[in-house]
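Each chain is listed here by its residues.
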Amino acid sequence: MTAMNQPIALELAALNARFAIPGHLRFMESGPGLPMADIRTPLATARVALQGAQVLAWRPDGVAPVLWLSGAAVFEADKAVRGGIPVCWPWFGDRPGHSAHGFVRTRLWELRETTLDAQGQVRLTLGLRDDAATRAVWDHAFDLELQVTVGTTLQLTLTTHNTGLETFTLTEALHTYFSVGDIRQTTVHGLDGTDYLDKVQGFAPAQQRGPVNFTGETDRVYRHTTADCVIDDADQKRHITVAKTGSHATVVWNPWIDREKAMPDMAAGGYQRMVCVETVNAAPDLISVAPGAQHAMSAVIGVRQ
Ligand code: TA6
């Protein structure tokens, strides 16, 4: 358990005393007052911020960074970080009168467990429960848990438990930013023939033909798809794979030049080195969770060179 009002040095000392794994995992600051797990194993390195339970970096041994983090990302309390894997929950996208993509990406999560398994993978379990602040924006009782497993693959499982007495509905995303050598030489495979809503065209319905390629702003919600995707990062001569369960939509996003300019936490030209391929449950296809029930969504990311 962490507490925002504790001086960061004490908080890091407490985290290290309880959760560090000597030679594999220790805690440091990602920004002023913000604790982060720094993971170094023979298999991979990774960083996971407790604010937002956000994976900020993952790099299997011998491979260039797989996740993209903006050169102008802001590391401050209550601010979303541009890059890595923001967790969007209990809504994905805009909601009038509320912050986009829900509220958990700017909350401080509690660390529940860290483990090192026989294969040398490090696993972190982070959690968040409802409180007065969450009730004020979303009046439901919940326990949300994210398991992050760091190894030659990166595995994330986001589990929603309904701890209340009424069914609730939600949408959600593991809003993953991938690092690519050149967006113009990047294609995303696995969505051929899939219907999508094109946000750039006011959510007009359309259908994918062949792989997704990038020649301008791209913001699409691919519906009714459980398919794995493969990002062909041709410039870096590698393929990034994204397999998933518990997710019926995939979002593909690149802001391109004009939208990038409107985002202060994107450095000029950053759009050329990133693509989001997101593991999602999106409107209008809501997830319903009954009292006492749970729903899990997972992504497994790998790299082939
Ligand atoms: O997933 C794509 C998207 O919803 C885009 O429409 C775009 O706005 C992006 O996410 C980033 O959202 P954010 O709230 O992090 O600026």
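All figures in this text were calculated on a predicted structure; none of them were measured in a lab.

## Thoughts on the sheet that holds strand β4 (residues 54–60)
Read from one edge to the other, the open sheet built from four strands follows the order β1-β2-β3-β4, with strand pairing classed as antiparallel. Here the strands that pair on one side only, and so sit at the sheet edges, are β1 (25–31) and β4. Taking the axes of each pair of neighbouring strands and ignoring which way they run, one obtains an average angle of 20° across the sheet. Packing against the sheet, helix α1 (residues 8–19) makes contact with β1 and β2 (34–40), and its axis sits at approximately 155° to β1.

## Focus: the sheet that holds strand β6 (residues 110–116)
Reading across from one edge, β6-β7-β8-β9-β23-β19-β18-β13-β16 is the order of the nine strands in this open sheet, with antiparallel pairing throughout. In this open sheet, the two edge strands, each paired with only one partner strand, are β6 and β16 (212–213). Where strand β18 (residues 229–233) lies against strand β19 (residues 238–245), five bridges are found, and the strand directions are antiparallel. Considered in β19, the bridge of D232 is made with H239.

## A few points about the pairing of strand β3 (residues 44–49)
Look at any regular strand and the pattern is simple: side chains alternate between the two faces of the sheet. Where β2 meets β3, five bridges bridge the pair, whose relative direction is antiparallel. Bridging across to β3, A37 finds its partner in V48. In this structure, the hairpin formed by β2 and β3 is closed by a connection of three residues. Across six bridges, the pairing between β3 and β4 is antiparallel. If you follow V48 over to β4, its bridge partner there is V55. The antiparallel pairing of β3 with β4 creates a hairpin that spans four residues between the two strands, and G52 there sits at a positive phi of about 80°.

## Looking at the pattern of salt bridges
Pairing between side chains of opposite charge can happen when the charged atoms of each approach one another. The final tally for this structure, using the stated rule, is 17 salt bridges. For D38, the salt bridge goes to R26, with nearest N and O atoms at 3.8 Å. Residue D38 is located in strand β2, and its partner R26 is located in strand β1; the two are separated by twelve residues in the primary sequence. In this structure, the salt-bridge partner of R135 is D130, at a minimum N-O distance of 3.1 Å. In this structure R135 comes out as partly exposed when scored by relative accessible area, which is 33%.

## A few points about the pairing of β6
Where β6 meets strand β7 (residues 122–129), six bridges bridge the pair, whose relative direction is antiparallel. From the neighbouring strand, T115 faces β7, where its bridge partner is R123. Linking β6 to β7, which pair antiparallel, is a turn of five residues; within it G120 sits at a positive phi near 90°.

## Brief notes about the nonpolar core
For soluble globular proteins, the rule of thumb is that nonpolar side chains tend to be buried together. Membership of the largest hydrophobic core comes to 74 residues, with the highest contact counts inside it found for W89, W109, L154 and F178. Among the elements that make up this core, the one with the highest residue count is strand β8 (residues 142–150) (five residues). Excluding residues within four positions of it along the chain, F178 makes contact with V66, L67, W68, I231, I240, V242, R273, M274, V275, V277 and I301. Membership of the second largest hydrophobic core comes to nine residues, among which are V221, A249, V280 and A282.

## Some words on unusual backbone geometry
Of note, the amide linkage connecting W89 to P90 takes the cis form, showing an omega dihedral of 0°. Within the secondary structure, P90 is located in the loop between β5 (87–88) and β6. In the segment running from A283 into P284, the intervening peptide bond is cis, with an omega of 5°. Looking at where P284 falls in the secondary structure, it is placed in the loop between β21 (274–281) and β22 (287–289). Located in the positive-phi region is A53, a residue other than glycine, with phi close to 50°. Looking at where A53 falls in the secondary structure, it is placed in the loop between β3 and β4.

## What to know about the environment of F92
Residue position: F92 is located in the loop between β5 and β6. Accessibility expressed as a relative area gives 17% for F92, which makes it buried. Taking the C-alpha atoms as reference points, F92 and T152, 60 residues apart in sequence, are found 29 Å from one another. Excluding its chain neighbours within four sequence positions, the residues that come into contact with F92 are H101, T171, E172, A173, H175, V251, E278, V280, N281 and A282.

## Description of the site of the ligand
Every residue near the ligand is listed here: R82, F92, A100, H101, R105, H175, K199, D219, V251, W253, R259 and E278. Here H175 contributes a side-chain N or O atom positioned 2.9 Å from an oxygen atom of the ligand. K199 places a side-chain nitrogen or oxygen 2.7 Å from an oxygen atom of the ligand. Here the ligand loses 87% of its free accessible area of 390 Å² to cover by the protein chains. Of the residues assigned to the shell around the ligand, the class counts are four nonpolar, two polar and six charged.

Parameters and conventions
Per chain, residues are indexed from 1 in the order of the written sequence. Residue-level local features of this predicted model are given only where pLDDT is at least 70; pairs of side-chain atoms are given and counted only at 80 or more, and the full residue set underlies all totals for whole chains, interfaces and linings. Hydrogens and water molecules were not included; the side-chain quantities draw on all heavy atoms of the structure. Two strands make a pair as long as DSSP finds a minimum of two bridges between them. Strands are runs of DSSP state E lasting at least two residues, helices are runs of H or I lasting at least four, and both sets are numbered from the N terminus onward. Axis lines are fitted through C-alpha atoms, for helices just across the contact stretch, and the angle between N-to-C directions can take any value from 0 to 180 degrees. Contact definition: two residues touch when any of their heavy atoms are within 4.5 Å. Note on definitions: salt bridges are taken to be side-chain nitrogens of Lys or Arg within 4 Å of carboxyl oxygens of Asp or Glu. Think of it in three bands: residues with accessible area under 20% of the maximum for their type are buried, residues over 50% are exposed, and the middle band is partly exposed, with areas taken using a 1.4 Å probe on protein chains only. Think of a nonpolar core as a cluster: buried Ala, Val, Leu, Ile, Met, Phe, Trp, Tyr and Cys residues, connected wherever their side-chain atoms sit within 4.5 Å. Only heavy atoms are used to decide nearness, and a residue is near a molecule or strand if one of them lies within 4 Å of it. Between N or O atoms, a polar contact is any pair within 3.5 Å; within protein, one atom must be a potential hydrogen donor and the other a potential acceptor, and residues adjacent in sequence are included only when both atoms are from side chains. Areas reported here follow the Shrake-Rupley algorithm with a probe of radius 1.4 Å; residue values treat only the protein chains shown as occluding. Note on residue categories: nonpolar means Ala, Val, Leu, Ile, Met, Phe, Trp, Tyr, Cys or Pro, charged means Asp, Glu, Lys or Arg, and polar means any other residue, Gly included.

Keep in mind these values describe shape, not function.
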